[in-house]
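Here is what each chain is made of, one letter per residue.
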Amino acid sequence: MSDLLQVFVLMLVAYVSLGSLIAYFSRRYGVRSSRDYFVSGYKLGWFLASMTYAATTYSAFMMVGLVGLTYSSGVGALGFELAYLLVTVILLAVLGPTVWAMARERGWVSPSEMLSDLYESKLIGYVVVTIYLAAMIPYVTAQIVGVAAIFEGLGVGYEVGILVMSVLTLAWVVLAGMWSVATTDAYQGLWMLSAAVILVFLLLNQLIPSSGVTLNQVLKALSEKGLLGITGFWTPQTFLAYTIPWIFFAVTNPQVVVRLYVHKDLHSYKKSVLLFSVFGFLYTIAVVYVGLIVRGLTELGLFEVISRSDLVTPTLISRLHPALASFIYISILAAAVSTANSIILTVASSFVRDLIEKRGVGNVSVLKLSNTIVTLLTITSAYLAYIRLGFVVDLSVLTSVLLLPLAPVTIAALLMPRESKDCVMRRAALLSLLVGTFISFSFALVLGPRKTFLTSYYGLPVSALTLIITSAIMLSGYVISRLRKNKD
Amino acid sequence: MRSRRLRTPYVISSIAAVLLFYLIPYLTLSGVKNLELVIFWSAITLVWLIITNLLLMRDLL
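Residues numbered from 1 in each chain as written. Chains lettered and ligands numbered in written order. Predicted model: local features only at pLDDT ≥ 70, side-chain atom pairs only at ≥ 80, totals over all residues. Heavy atoms only, no water.

Draft legend 1. Quick peek at the overall build of chain B. If you tally the helices and strands in chain B, you get 2 helices and 0 strands. Taking 2.2 N^0.38 as the reference for a compact globule, 61 residues should give roughly 10 Å; the C-alpha atoms of chain B span a radius of gyration of 14 Å, well beyond that estimate. Judged by the C-alpha coordinates and their principal axes, chain B covers about 50 × 15 × 10 Å. The 61 residues of chain B split such that 43% are buried. (Helix = DSSP H or I, 4+ residues; strand = E, 2+ residues; numbered from the N terminus. Rg over C-alpha atoms; globule rule 2.2 N^0.38 Å. Buried < 20%, exposed > 50% of the residue type's maximum accessible area, 1.4 Å probe, protein only.)

Written as structure tokens, this is what we have:
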């Protein structure tokens, strides 16, 4: 057994043990109803609420995908990730307090329940649950595949990676629902941010000096290659294709929408937005910085050329001390687990609330049922990861595109809660969801998910076309609804 | 009770900030050789995060 593997296994045991203790002790908060289980009874303080938001939002993509994207395409990757953060914080400031207040007032537990309530339509709730299932399971599967690939690379085995990831995801949900997820997310979020900051510190103080160059020389090498400007990769269409699905993340992705409900009071909500802003900014800058420095060293001939962007981080980690390498590997596992278990919990909440609980099942049964659905969703994702079903894993690239029709539907209902109850608006919302999902899925089936993501028509990516068409349907519904009212 | 008195100007300014975030790099900073683009994107994000959080904490949105 290599030094790296030995240290990794030891650190994995420490990470799992501490996380499980935290999850176990979170049971003291008490889970008696679906409201406690899925949204912590609306009692989360600002620290837990912001850390669970951050750890849920930032997946394994950051330390693997974004580092690689920056390495291969330059500073444009920073623009892509900061565009997400900028618009997310604006949406959290403008719409978040409204969602928080309405959730408490109306007793929302699941994100699909929010839409079915605002539009007074059970059918919309069912359609949204179906969209979540189609969009989110591939995303969870991709997180499991990513972790399993790391375990495989370390010599632990792909199947062991699937097992560890699935057991952690499941255990840290079923112990106390949102309470165990939020507390372990806080723990994992701290681990993720620490790993990124330590990596930057090491690059600056060890890797660059030990390579016999200065930071200025690294920057000069990046500059000469044009990587500090807009490279050929980041055409306006590509930038739009990457950013449009992500800038609406806060209102389309169920695992973050539900995190607007959980705060114990409005002051806690505001403080959590502040802490998330700080976390998001620091984490993004650190991760992009890593990708840029490694590319600069490559340009100077001091680091090997890496042709596959998802291998940049593993290659960099392989040069580090085993303890540090293990710390960063565990941070990637933590990012994947915190994203996956939040998604599983939220998708389960939609099943339980919209499809079952509202038909009158008692609380005890609901908790058992919630755990059963969480287990089934985890097993399904793990199985899809095990058989490495290419289309499903690829579909994760399109997750935010598939969820995009929810953006105009959600924003319209939150801005105009009275108008959204009108039957015309209700029909427009339903049509918007069906048409938007049909467009995304049709392209995915015909072109394949990866090609769909970057394909443009009339200079606009598929995500922009989906957003325009679904927004136009909602706008038409609003205009017709107003005209009908004026006529009456 | 939330006053929301700066909500509309904030939303309009935010849309302007996001447009600048998208347009400036492609119109004027696409071929830069130094850190201008990094600084632009980082600065506009940081400034807007600070403004947003200040307004939010003071109940003005």
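After presenting the structure, the write-up continues.
Draft legend 2. Region of interest: the pattern of salt bridges. Residues and elements named next belong to chain A. Evaluation of the coordinates by the stated rule reveals 8 salt bridges over all chains. Arg106 is paired through a salt bridge with Asp117; the nearest N and O atoms lie 3.3 Å apart. Here Arg106, found in helix H6 (residues 96–106), pairs with Asp117, found in helix H7 (residues 111–118); they are 11 residues apart in sequence, far enough to count as distant. Since its relative accessible area comes to 30%, Arg106 is described here as partly exposed. Residue class for Asp117 comes out partly exposed when judged on its relative accessible area of 25%. Between Glu299 and Arg295 there is a salt bridge, and its shortest N-O distance comes to 2.8 Å. On the criterion of helical spacing, the pair formed by Glu299 and Arg295 is a turn pair, its members being 4 residues apart in helix H15 (residues 266–299). (Salt bridge = Lys/Arg side-chain N within 4 Å of Asp/Glu carboxyl O.)

Draft legend 3. Region of interest: the interface of chain A and chain B. In this complex, chain A contributes 37 residues to the contact, which on the side of chain B involves 31 residues. Interface area for chain A against chain B, summed over the two sides, is near 3,000 Å², with a carbon-plus-sulfur share of 75%. Along the contact surface separating chain A from chain B lie 1 salt bridge. B:Asp59 is the salt-bridge partner of A:Lys270, the closest N and O atoms lying 2.5 Å from each other. Summed over the shared surface of chain A and chain B, the result is 9 residue pairs in polar contact (both at pLDDT 80 or more). Broken down by secondary-structure element, the contributors of at least two residues to the side of chain A that touches chain B are helix H5 (76–94), H6, helix H11 (215–224), helix H12 (236–247) and H15 of chain A. Here the side of chain A that touches chain B takes 12 residues from H5(A), the largest share from any one element. The residue inventory of the side of chain A that touches chain B, partitioned by class, reads 26 nonpolar, 9 polar and 2 charged. (Contact = heavy atoms within 4.5 Å. Buried area = accessible area lost by both parts, 1.4 Å probe. Polar contact = N/O pair within 3.5 Å; in protein donor to acceptor, adjacent residues only side chain to side chain. Nonpolar A, V, L, I, M, F, W, Y, C, P; charged D, E, K, R; others polar.)

Draft legend 4. Here's a closer look at the nonpolar core. Within the largest apolar cluster, 209 residues are counted, with the highest numbers of intra-cluster contacts made by A:Tyr15, A:Tyr261 and A:Tyr283. Here this core takes 20 residues from helix H17 (residues 322–356) of chain A, the largest share from any one element. (Core = buried A, V, L, I, M, F, W, Y, C linked by side-chain atoms within 4.5 Å.)

Draft legend 5. Up close: helix H9 (residues 158–174) of chain A. Taking 1.5 Å as the rise per residue, H9(A) with 17 residues should run 24 Å; its terminal C-alpha atoms sit 24 Å apart, in good agreement. Here H9(A) has its buried residues at A:Tyr158, A:Gly161, A:Ile162, A:Val164, A:Met165, A:Ser166, A:Leu168, A:Thr169, A:Trp172 and A:Val173. (Expected span 1.5 Å × (residues − 1).)

Draft legend 6. Just empty space enclosed by the protein, in detail. Residue and element names in this part refer to chain A. For the structure on display, the rule yields 4 cavities of 30 Å³ or more. Lining the largest cavity are Thr57, Tyr58, Ser59, Phe61, Met62, Phe80, Glu81, Tyr84, Tyr139, Trp246 and Phe249. Of all elements in the fold, only helix H4 (61–73) and H5 reach the threshold of two or more residues within the lining of the largest cavity. Considering each element in turn, the lining of the largest cavity owes the most residues, 3 residues, to H5. Looking at side-chain class alone, the lining of the largest cavity contains 8 nonpolar, 2 polar and 1 charged residues. The volume enclosed by the second largest cavity comes to roughly 70 Å³. (1 Å grid on protein atoms, 1.4 Å probe; cavity = no way out; pocket = protein on both sides within 12 Å on 5 of 7 lines; lining within 4 Å. Points joined across faces, edges and corners; volume = space filled by probe spheres on them.)

Remember that the coordinates give geometry; whether it matters functionally is a separate question.
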